[in-house]
Amino acid sequence: MKAWILDTPALATERPLRLGELPMPAPSEDELLLRVNACGICRTDLHVVEGELAVHRSPLIPGHQIVGRVTAIGSRVNGFAIGDRVGVAWLNRTCGVCEFCSSNRENLCEQPQFTGWTVDGGYAGYAVAPALFSYHLPEKFHDIQAAPLLCAGIIGYRCLRLTGLRENEWKGARLGLYGFGAAGHVCIQLARARGTEVYVCTRDRERHQALARELGATWVGDAQDEPPVKLDASIIFAPAGELVPVALKALRKGGTVVLGGIHMSPIPQFDYSLVYGERVIRSVANNTREDGREFLREAARIPVRTHTQVFPFDQANEALIALKNDSVRGAGVLVMDRVEAKVNHDSLHS
Ligand SMILES: [Zn+2]
Ligand SMILES: [Zn+2]
């Protein structure tokens, strides 16, 4: 099979991914073999490729938003059939026995595996994944639309959960989003459907700010602008630590700032008064499978529409460079030539 291989992390502009031919992986007894149709491109891929996340496997196939069809099934797998369309996300496997796994917090597992980081991912013709961590995908989404839901979508959903706003508090609440890439553009759709006013702070007037307006933001400003009202909660998707004091300044008492990224530049010192008033700063680490299933149900019900920029399979390095330059509108998706769904013009904005 064809696969993009990372031998040594390097800046995306140095094109660190190499296109190679590898033997097809064989599923172990609890795994599925998937023929990959599409794989979303996530900022975390960039962190892996550029070495901001430690190397756990080398050489490595990146990619953790995999949409594919089941072509082989391990002997102990239940609930999946040949031909099923499934999604594979970042959380690849957990130990199942540590204190976190035993208390509904498998996202914090002590011995986790991550797709496209500690095990091979989906920038390839085929991929294997544990059946218990694979998702049946709602028919509503075609392959390209579904791919960004698998990380950008699920993580955004968990970020919303960790704002601490309860079910009856979303209507009329004021939510801030800092950074408006793949995760932001899905998150705003969930929040708007729940009746929330969304204030978006992001750079790039042409792509990100315009998309935020199109998706119903109440107010849109530059990354460091102060929204006209105090916010009940905020999510920082941009990997920029300097936004933490900026977001705290715009937050009302008792509110929460959720940090949605796996990597962030250092957070500058700030005055205690910014966090006083029982304001909370918390990070989001991975997701549980329950988050994934709940999110896919809610996304299908709304329904969420992902705005994607499609990159042909041979353009993986270019896709990462575009992401690094902040020039992807919505979510980037690497697409195999045999993708089953026709590219929908509504989902293309580049
Ligand atoms: Zn565990
Ligand atoms: Zn991701």
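The sections below set out a description of the structure shown in this document. (Residues numbered from 1 in each chain as written. Chains lettered and ligands numbered in written order. Predicted model: local features only at pLDDT ≥ 70, side-chain atom pairs only at ≥ 80, totals over all residues. Heavy atoms only, no water.)

A closer look at the overall build of the protein
Condition: Helix and strand labels come from DSSP, where a helix needs a run of H or I of at least four residues and a strand needs a run of E of at least two; each type is numbered from the N terminus. Any two residues whose heavy atoms approach within 4.5 Å at even a single point are treated as in contact. Surface accessibility in these figures is a Shrake-Rupley result with a 1.4 Å probe; residues are shielded only by whichever protein chains are displayed. Think of it this way: Lys and Arg go in the positive column, Asp and Glu in the negative one, and His and the chain ends go nowhere. For this purpose, a charge sits on NZ of Lys, CZ of Arg, CG of Asp or CD of Glu.
Regarding its fold elements, the protein presents eight helices and 17 strands. For the C-alpha atoms alone, the extent of the protein along its principal axes is close to 55 × 45 × 35 Å. Taking contacts inside the protein between residues at least 6 apart in sequence as the whole, the part at least 24 apart equals 70%. Of the roughly 14900 Å² that the protein leaves accessible, carbon and sulfur atoms contribute 49%. Separation of charge centres in the protein, based on 38 positive and 39 negative side chains, amounts to 4 Å.

With respect to the packing of helix 3 (residues 152-162) against helix 4 (residues 182-193)
Here is the rule we go by: For every element, the axis is a line fit to its C-alpha atoms; helices are fit only across the contacting stretch, and the angle between N-to-C directions ranges from 0 to 180 degrees. When describing relative orientation, an angle under 35 degrees is termed roughly parallel and one over 145 degrees roughly antiparallel, while 65 to 115 degrees is termed roughly perpendicular and anything else oblique. A crossing counts as left-handed when the near helix is turned anticlockwise from the far one by less than a right angle, and as right-handed when that turn is clockwise. Residue classes follow a fixed rule: Ala, Val, Leu, Ile, Met, Phe, Trp, Tyr, Cys and Pro count as nonpolar, while Asp, Glu, Lys and Arg count as charged, and any other residue, Gly among them, counts as polar.
Closest axis-to-axis distance for the helix 3/helix 4 pair is 8 Å, and the angle between their directions is 55 degrees. Compared by their axis directions, helix 3 and helix 4 come out oblique. Between helix 3 and helix 4 lies a crossing of right-handed hand. Residues Ala152, Gly153, Gly156, Tyr157 and Leu160 of helix 3 form the contact with helix 4, whose participating residues are Ala182, Ala183, Val186, Cys187 and Leu190. Tallied by class, the residues present in the contact of helix 3 with helix 4 amount to eight nonpolar, two polar and no charged.

Quick word on the pairing of strand 1 (residues 2-6)
Using the following cut-off: For the exposure calls, accessible area comes from a 1.4 Å probe over protein chains only, and a residue counts as buried if that area is under 20% of its type's maximum, exposed if over 50%, partly exposed in between. Here, strands pair whenever DSSP counts at least two bridges between them.
In terms of burial, strand 1 is a largely internal element, four of the five residues being buried. In the sheet, strand 1 pairs with strand 2 (residues 17-21) via five bridges, with the strands oriented antiparallel. Bridged to Ile5 within strand 2 is Arg18.

A word on the coordination of the zinc ion (ligand 1)
We count it as follows: Donor criterion used throughout: N, O or S atom within 2.8 Å of the metal, extended to 3.2 Å for Na, K and Ca. Water excluded; incomplete-looking sites may result.
Binding of the zinc ion (ligand 1) to the protein goes through Cys95 (SG), Cys98 (SG), Cys101 (SG) and Cys109 (SG), at separations of 2.3 to 2.4 Å. Of note, the donors binding the zinc ion (ligand 1) are all from one chain and are spaced C-x2-C-x2-C-x7-C.

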